[in-house]
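# Overview (structure and organization)
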Amino acid sequence: MRLRVRGLGLPDEADIDLWIVDGHISTEPVAGADTAFGSSGFQGWIVPGLVDAHCHVGLGDHGEIPLDEAVAQAEAERDVGALLLRDCGSPTDTRSLDDRDDLPRIIRAGKHLARPRRYSPGFARELEDESQLPAAVAEEARRGDGWIKLVGDWIDREVGDLAPLWSDDVLKAAIDAAHAHGARVTAHVFSNDAMPGLIKAGIDCIEHGTGLTDDTIDLMVEHGTVLVPTLINILENFPGIAEAAKRYPTYAAHMRDLHAHGLSRIGAAREAGVPIYAGSDAGSLIAHGRITDEVEALKGVGMSAGEALGAACWDARRWLGRPGLEHGAPADLLCYSQDPRLGPAVLSRPDLVILRGNAFRPKC
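Quick caveat: nothing in here was measured; it's all calculated off a predicted structure.

Criteria and thresholds
Residues numbered from 1 in each chain as written. Predicted model: local features only at pLDDT ≥ 70, side-chain atom pairs only at ≥ 80, totals over all residues. Heavy atoms only, no water. Core = buried A, V, L, I, M, F, W, Y, C linked by side-chain atoms within 4.5 Å. Buried < 20%, exposed > 50% of the residue type's maximum accessible area, 1.4 Å probe, protein only. Contact = heavy atoms within 4.5 Å. Helix = DSSP H or I, 4+ residues; strand = E, 2+ residues; numbered from the N terminus. Expected span 1.5 Å × (residues − 1). Bend = angle between axes of the 7 residues up to and from the residue. Pairing = 2+ DSSP bridges. Axes fitted to C-alpha atoms, helices over the stretch in contact; angles between N-to-C directions. Polar contact = N/O pair within 3.5 Å; in protein donor to acceptor, adjacent residues only side chain to side chain. Patch = residues over 30% accessible without salt bridge, like charges linked within 9 Å, V, L, I, M, F, W, Y side chains within 5 Å. Areas by Shrake-Rupley, 256 points an atom, 1.4 Å probe, with all protein chains shown as cover. Salt bridge = Lys/Arg side-chain N within 4 Å of Asp/Glu carboxyl O. Lys, Arg positive; Asp, Glu negative; His and termini not counted. Charge placed at Lys NZ, Arg CZ, Asp CG, Glu CD. Right-handed = clockwise from strand over helix to strand, strands pointing away. Arc of directions from axis to C-beta. Parallel < 35°, antiparallel > 145°, perpendicular 65-115°, else oblique. Left-handed = near helix turned anticlockwise from the far one by under 90°. Nonpolar A, V, L, I, M, F, W, Y, C, P; charged D, E, K, R; others polar.

Of all hydrophobic cores here, the largest spans 96 residues; its most connected members are Leu-133, Val-137, Ile-148, Leu-150, Leu-198, Leu-227 and Leu-298. Leu-298 has contacts with Pro-229, Leu-231, Ile-276, Ala-278, Met-303, Ala-308 and Ala-311, leaving out every residue within four places of it along the chain. Leu-18, Ile-25, Ala-329 and Leu-352 belong to the second-largest nonpolar core, a separate cluster that totals 14 residues.

This is the structure we're talking about:
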């Protein structure tokens with residue numbers, strides 16, 4: 001298939017003219033290409049495929065799911081333009097999806113690593129002894145695509161509140177092991193208590209980060225730690241988590257506080273210079289295909305429309321080491337007749353999706 005697309009490229013709004021052949025982008029003319037989008041009398045917008053930097057293809061309410069359900073999750077992402085997914089932990093082996101030309105590309109982190117009864121049942125690989133963490137990290141690094149996912153904090157029923165899962169020295173050994181195997185490490189963290197140990201140990205990314213303080217924000221800046229806040233999960237689900245935790249009133253109150261103040265703390269992190277990228281946390285409580293809602297939510301922590309889109313597009317791709325619209329890049333891009341910075345009503349409905357060089361008209 002040989003295609004041609006023309007329009008305004010973002011973020012610089014420059015005129016671009018791209019040819020697509022053998023699944024890749026060419027900035028040089030290709031003979032015999034059919035114009036799939038744009039013409040001399042039409043000015044549309046073209047962007048690289050969106051990135052959902054925190055989702056869980058292959059995860060359901062109780063953990064592992066059948067592969068056909070995982071395929072449906074990936075299709076939901078594709079139809080709103082999310083063509084690159086950082087899968088932050090899944091109990092289902094989804095590698096066969098890589099052979100599908102009609103599904104997004106997935107960067108996997110293997111299984112979550114947690115302690116017994118210290119995460120959602122069925123979600124994680126549970127280690128009886130924390131000393132097993134460095135070896136488990138090395139194993140998951142071999143199974144993943146350059147990322148490891150730790151559970152940094154969760155409710156400790158003996159304490160009655162959120163508490164760290166790992167000691168600082170074990171975290172340092174584990175993160176060093178991941179880096180030695182060429183993998184980066186991220187962690188689920190709601191409260192502040194687990195963050196200093198994770199950041200000082202050299203973790204690459206924090207997920208959620210609702211308990212940030214001025215001190216841990218400074219630590220993130222000092223160590224170059226990235227934040228993926230999953231704002232729609234915080235806004236929509238923290239109140240329900242608190243309501244369901246009546247047996248643990250301290251924990252419930254803590255979750256309400258994180259819901260009330262989390263966005264302002266994340267905004268303070270952005271103001272301080274912490275890099276922030278968009279992730280929906282789709283897979284259980286959040287439905288797949290909502291990355292555009294996360295882009296809109298990022299405006300609530302101080303991002304402009306262009307910055308918020310970049311956090312789920314060109315900037316996120318650069319962070320993950322994946323190309324955008326340059327010559328020779330894989331042809332994963334979106335075409336819009338309206339400016340995609342106008343909001344989710346436009347962003348979630350691309351006129352044309354080109355994935356692995358194949359053109360799709362979205363179902364939504």
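With 13 residues, helix 6 (residues 231–243) extends 19 Å from end C-alpha to end C-alpha; this agrees with the ideal 18 Å at 1.5 Å per step. For helix 6, the principal kink sits at Asn-237 and spans about 45°; a proline, Pro-239, occurs within the next four residues. Of all the positions in helix 6, only Leu-231, Ile-232, Asn-233, Ile-234, Asn-237, Phe-238 and Ala-242 are classed as buried. Along its buried surface, helix 6 packs onto strand 17 (205–208), helix 7 (249–272) and helix 8 (291–298).

The sheet built from 3 strands is open, its strands ordered 6-9-10 with parallel pairing. Of all strands in the sheet, those bounded by a partner on one side alone are strand 6 (50–55) and strand 10 (105–108). Between one strand axis and the next, the sheet turns by 20° as a mean value, whatever way the strands run. Where strand 6 lies against strand 9 (residues 82–87), 4 bridges are found, and the strand directions are parallel. Looking across to strand 9, one finds that Leu-50 is bridged to Ala-82.

Okay, the side chain of Thr-94 next. Here Thr-94 shows up in the loop between strand 9 and strand 10. At 2.8 Å, the side chain of Thr-94 forms a polar contact with the side chain of Arg-108. When near neighbours in sequence (up to four residues on either side) are disregarded, Thr-94 contacts Val-57, Gly-58, Leu-67, Ala-70, Ile-106 and Arg-108.

Residues Asp-214, Asp-215, Asp-218 and Glu-222 make up a contiguous surface patch of negative charge. Its place among the elements puts Asp-218 in helix 5 (residues 214–223).

Now for the side chain of Thr-210. Among the secondary structure elements, Thr-210 is positioned in the loop between strand 17 and helix 5. Here Thr-210 falls in the buried class, since its relative accessible area comes to 0%. The contact partners of Thr-210, leaving out residues within four places of it in the chain, are Val-189, Phe-190, Ile-234, Phe-238, Leu-258, Gly-262 and Arg-265.

On inspection of all chains with the given rule, the structure shows 27 salt bridges. Here Glu-140 ties to Arg-143 by a salt bridge, and the two come within 2.7 Å at their closest N and O atoms. Within this pair, Glu-140 and its partner Arg-143 are both found in helix 2 (residues 133–143), separated by 3 residues, close to a single helical turn. For Arg-143, a relative accessible area of 45% corresponds to the partly exposed category. We note a salt bridge from Lys-172 to Asp-176, for which the minimum N-O separation is 2.7 Å. With Lys-172 and Asp-176 both in helix 3 (residues 168–180), this residue pair falls 4 residues apart, about one helical turn. The exposure class of Lys-172 is partly exposed, given its relative accessible area of 38%.

Let us now look at the environment of Ala-173. Relative to the elements of secondary structure, Ala-173 occurs in helix 3. Taking relative accessible area as the criterion, Ala-173 reaches 35% and is therefore assigned partly exposed. Separated by 133 residues in the primary sequence, Ala-173 and Gly-306 place their C-alpha atoms 39 Å from one another.

Moving on to the pairing of strand 16 (residues 184–189). Within a regular strand, the side chains alternate between the two sheet faces. Most of strand 16 sits inside the fold, with 5 of its 6 residues counted as buried. Pairing analysis gives 4 bridges linking strand 16 to strand 17, with the strands arranged parallel. By the bridge assignment for strand 17, His-188 is matched with Glu-207. Read from strand 16 through helix 4 (residues 195–200) to strand 17, the crossover connection turns out right-handed.

Counting along an α-helix, one turn takes 3.6 residues, and residues three or four places apart therefore face a common direction. Along its 13 residues, helix 3 runs 18 Å from first to last C-alpha, staying within 8% of the 18 Å computed at 1.5 Å per residue. Taken as a whole, helix 3 has its buried residues at Val-170, Leu-171, Ala-174, Ile-175, Ala-177 and Ala-178. End-on view of helix 3: buried residues confined to an arc of 155°, all on one side of the axis. Along helix 3, exposed side chains directed more than 90 degrees from the buried face belong to Asp-168, Asp-169 and Ala-180. Those residues of helix 3 that are buried lie in contact with helix 2, strand 13 (147–151), strand 16 and helix 4. Downstream of helix 3 by one or two residues, Gly-182 has phi in the positive range, about 75°.

Now for the packing of helix 2 against helix 3. The interhelical angle for the contact between helix 2 and helix 3, taken along N-to-C directions, is 20°, at an axis separation of 8 Å. As far as their axial angle goes, helix 3 and helix 2 are roughly parallel. Considering how the two elements wind past one another, helix 2 and helix 3 form a crossing that is right-handed. Mapping the contact onto sequence places Leu-133, Pro-134 and Val-137 in helix 2 and Val-170, Leu-171, Ala-173, Ala-174, Ala-177 and Ala-178 in helix 3. Per-class residue counts for the contact of helix 2 with helix 3 are 9 nonpolar, no polar and no charged.

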